[in-house]
Amino acid sequence: MTLLNPTLPQPEQKDCVPTIPAAKPDNELNLSDFSAYFQASQAISHQQKNTVFRLRHKVYCEELKFEPPRPSGLEQDDFDRRALHCSLADAQSGEIAGTIRLIHCQQEPGPLPIEKYFAGRFTAPHLTPACFPRQHVCEISRLAVAAQFRRRIKDTAAKDLPALSSSSRPFNRYIAIGLYLMATAMCLEKGYYHGFVTIEPSLARILQRIGINFNQIGEAIDFNGKRAPYYLDARQVVANLQPEYLDLMQRLSSQLLTEPEAVASSRQMTTKTELTWAMA
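Cut-off values and rules
Residues numbered from 1 in each chain as written. Predicted model: local features only at pLDDT ≥ 70, side-chain atom pairs only at ≥ 80, totals over all residues. Heavy atoms only, no water. Helix = DSSP H or I, 4+ residues; strand = E, 2+ residues; numbered from the N terminus. Polar contact = N/O pair within 3.5 Å; in protein donor to acceptor, adjacent residues only side chain to side chain. Contact = heavy atoms within 4.5 Å. Buried < 20%, exposed > 50% of the residue type's maximum accessible area, 1.4 Å probe, protein only. Pairing = 2+ DSSP bridges. pLDDT = per-residue confidence, 0-100.

## Quick look at the side chain of His-194
So, point 1. Considering the arrangement of structural elements, one finds His-194 in strand β5 (residues 194-199).
So, point 2. Separated by 2.7 Å, the side chains of His-194 and Tyr-231 make a polar contact.
So, point 3. Residue contacts for His-194: discarding those within four places in its chain leaves Phe-132, His-136, Val-137, Cys-138, Tyr-231, Leu-232 and Arg-235.

## Some points on the pairing of strand β8 (residues 226-233)
So, point 1. Burial of β8 is extensive: seven of the eight residues sit out of reach of the surface.
So, point 2. Sheet analysis places β5 next to β8, joined by six bridges and oriented antiparallel. Bridge assignment links Thr-198 to a residue of β8, and that residue is Pro-229.
So, point 3. As paired strands, strand β6 (residues 215-216) and β8 are joined by two bridges and run antiparallel to one another. Bridge pairing links Gln-216 to Tyr-230 in β8.
So, point 4. One ladder, built from two bridges, connects strand β7 (residues 221-222) with β8; its direction is antiparallel. Counterpart to Asp-222 in the pairing with β8 is Lys-226.
So, point 5. Connecting the antiparallel pair β7 and β8 is a turn made up of three residues, with Asn-224 showing a positive phi of about 55 degrees.

## Digging into the confidence of the model for the protein chain
Reading predicted coordinates in detail is not appropriate for stretches of low pLDDT.
So, point 1. Residues at a pLDDT of 70 or more form 75% of the protein chain, whose mean pLDDT is 79.
So, point 2. Below a pLDDT of 50 lies the segment residues 259-280, which in the model reaches 42 contacts outside its immediate sequence neighbourhood of four places, other chains included.

Written out as structure tokens, the structure is:
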């Protein structure tokens, strides 16, 4: 299957499931196996954060040339002081595969990057960060996938999307989606219900197809390629996610969150069914 077709058939149940499932054809992949290949975590310590910043430097400074190289080999900015950092690591080697961050305003109610770069350009003024309590807004940014875990999709509609799979790493194509699901889980746990992103419209369309529904709130600009601003109500994601991805979000959140069961009791979701965050 391709990334644009998120419908995944359920495999037959087996008495014994190996820790690392055997490689399967793309049309037989089950997203429930993703968490056996990749481990979700937060970067809390100084060393963990440096691992994230080092990956960002390789991707943003050395490979894509979006940012100038730093002598330290660490890509950081002022927003990292008020950001939460998440990462996915290869379950076998422990090597970091991808990272993403959430910039929040809980302790420091300063502007978000999107407010800086799109000032005066918003076309949906009722969905801008200024419309919501600052403690409930955040910006999801600095998605980075390590080169060895990605290759370009050769499609003009999605030419810059990372992370296709290979026969030896069948779930690589889902790394970027996994990172966004992790970021959404963090939004819900922390109460950052109103999320903002600046991404390529092609990536927004793919995420919308699985149920992560972004609302475009401004025209695309030339910012390291064509990027547009989007708004996301994290509470709506649970109601809209396709079942396979909702299950994946549960599995990743159980790895990621220190107290995942707290989400279920504190969230304010508009959903038809209740979500059990803590895995049985």
